[in-house]
Amino acid sequence: MLGLMQDWPLLVHKIIDHAALYHGGREVVSRSVEGPIVRTDYRAIAARARKVAHALDRLGIRLGDRVATLAWNTARHIEAWYGIAGIGAIYHTLNPRLFPDQLVYIANHAGDKVLFFDATFAGLVEALAPRLPGIELFVCLTDAAHLPKANIPNLVAYEEFIAGADDHFAWKEFDEHTACGLCYTSGTTGNPKGVLYSHRSNVLHAFIAGQADAMGLRAVDCVLPVVPMFHANAWAMAFVAPMIGAKLVLPGARLDGDSLCELLTGEKVTMTAAVPTVWLALLHYLEKTGKTLPDMKRVLIGGAAAPRAMIETFEKKYGIAVVHAWGMTEMSPLGTLGTLKPAIAELPYERQLDYKVKQGHPPFGVEMKIVDDDDRELPRDGRAFGRLKVRGPAVAKAYFRGEGEGAFGPDDWFDTGDVATIDADGYMTITDRAKDVIKSGGEWISTIEIENIAVGHPAIAEAAVIGIAHPKWDERPLLVVVLKPGLHATREEMLAYLSGRIARWWMPDDVVFVDAIPHTATGKIQKMALRERFGQYRLPTAAA
Ligand code: ADP
């Protein structure tokens, strides 16, 4: 027998309609790409999103067509998302930090028909345009006065594009399983792979992310997603904030400490989210200037492991609670969040920190398990590590156009490519990416754990551990570190610092000091590049 409840389709544009009706005057503040800080609200965004929908419809964009965006977090970008999705077309976020060849591959693979871009990227778009034959119209997210003088065919200013369009244009009707958004993962192995979100998965994911022990956003909150919309949906913020009625502050192109601090303080931001490298820079800026963030209550750190020292500095020095989160593009992206369970919240602070450095526990809507090489489930004892598998209504079941089939197992269990432990309380700890793990004498060494401890040394800004070939042990760890400006440390001091904090056989065989550690387009340490750079490195322990 079926239930007798309504089949109310979970469609993304219903979120912006809800926001317009019940939180219509709630502000959305952007640092515009043109320069000044501009203010709008959910009512205006919803109306302009309908104009975008109408303008695209007039152009001939139909259900299932891909419309790319190459843009920073701004109100216009959000309007474009909702407008595109509202006619059943698919917003496809392009990551401007990728190399031009990768962008060309991705846009052509996706079959993008229109490209919305920020003026910042005019030069890039000019160079790409001849290689993107499928794109019929290039829309620069600005007004006619600021339209860059670039040699881009079929170029129009966004404000001209939507001028005259109907702000009451009716959304199209379609099934909630209809594709809504497309985002490619950086594809460290093989070509980039497209994750195709549906309306249903995006709406459910916003519900999941909004839960009190997940992001815990409320209408009284003011959120600043530093994490770009082109990085896994800005971790759902563009959906959760309007769903809840929280004020949204969008940082545009300027993500440096000074610009962020101005917005965080000036707009009284209570919650923000970004990858650790952004916080590294912001904390450095705060230390240098002596500034504080009096309104900030919570910071979400994810995309790469949040080191203990970073969590401690935010919490003890600035009184800002850290929520450490893990996820991936394939998961929309949230997988786990490190909010404290009651028994852990009662522990002394130092013990709580042991849990905060873990990646957290899954909210309802995410299932996870760890398995061995034969796909047998491993115990949840905090010690056994294995490949982390996940499933849920906001987890991918395939990549766009059938790429990367191997990651999707039977019963929808998706292999994350991460190696992890799960403890008895359900807290998951990522010990490595499967491809970065160091195998020494048949045992695994967690590079992430060593890195997290190494950056606790007061002179160290950033650390990476990679495996170097070793005649006896197959591989041994090499610690690569970047010093904080003006500070100094020696190899021996680094090793002494680690001694007693990690297992003896995990101790790096050597330490090298470098000026900078390379990062991927989504802010992760580029281990592959480091492995190439130190490919011929000879460890002092590798005697001839
Ligand atoms: P890409 O692979 O395209 O950079 P993702 O942002 O989807 O994009 O990356 C997901 C991966 O990032 C995860 O599989 C995991 O390895 C890593 N990651 C994300 N959050 C964390 C975290 N809190 N701690 C450690 N690793 C993390």
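Just above sits the structure.
Let us look at the structure shown here.

Criteria and thresholds
Residues numbered from 1 in each chain as written. Predicted model: local features only at pLDDT ≥ 70, side-chain atom pairs only at ≥ 80, totals over all residues. Heavy atoms only, no water. Pairing = 2+ DSSP bridges. Helix = DSSP H or I, 4+ residues; strand = E, 2+ residues; numbered from the N terminus. Axes fitted to C-alpha atoms, helices over the stretch in contact; angles between N-to-C directions. Near = heavy atom within 4 Å. Polar contact = N/O pair within 3.5 Å; in protein donor to acceptor, adjacent residues only side chain to side chain. Areas by Shrake-Rupley, 256 points an atom, 1.4 Å probe, with all protein chains shown as cover. Buried < 20%, exposed > 50% of the residue type's maximum accessible area, 1.4 Å probe, protein only. Right-handed = clockwise from strand over helix to strand, strands pointing away.

**Focus on the sheet that holds strand β17 (residues 386-391)**
- Judged by pairing direction, the sheet is antiparallel, and its 4 strands sit side by side in the order β16-β17-β18-β19 without closing on themselves. Either end of the sheet is taken by a strand with one partner, and the two such strands are β16 (367-371) and β19 (428-433). In this sheet, neighbouring strand axes are inclined to one another by 45° on average, regardless of whether the strands run parallel or antiparallel.
- Looking at chain direction, strand β18 (residues 414-422) and β19 are connected through 5 bridges and run antiparallel.

**Describing the site of the ligand**
- The local shell around the ligand holds 17 residues, among which Ala325, Thr329, Asp418, Arg433 and Thr522 are the closest.
- Between an oxygen atom of the ligand and a side-chain N or O atom of aspartate 418, the distance comes to 2.6 Å.
- Taking 580 Å² as the accessible area of the ligand by itself, protein coverage stands at 93%.
- Counting residues per element, the shell around the ligand draws most heavily on strand β14 (residues 321-327), which supplies 4 residues.

**Considering the pairing of strand β6 (residues 137-140)**
- Of the two faces of β6, the one carrying Leu137 and Val139 and the one carrying Phe138 and Cys140 are both buried.
- Inspection of the sheet shows strand β5 (residues 112-117) paired to β6 by 4 bridges, in the parallel sense. Paired with valine 114 across the bridge in β6 is leucine 137.
- Since β5 and β6 lie parallel, the crossover through helix α5 (residues 122-128) that links them has a hand, and here it is right-handed.
- Two strands pair when backbone bridges link them, and β6 and strand β7 (residues 155-157) are joined in this way by 3 bridges, in the parallel orientation.

**What about the pairing of strand β2 (residues 37-41)?**
- Taken together, the 5 bridges between strand β1 (residues 27-31) and β2 define a ladder with antiparallel strand orientation. Looking across to β2, one finds that valine 28 is bridged to threonine 40.
- A loop of 5 residues connects β1 with β2, the two strands running antiparallel in sequence, and glycine 35 in this loop sits at a positive phi of about 135°.

Don't take any of this as a statement about function, it's just geometry.
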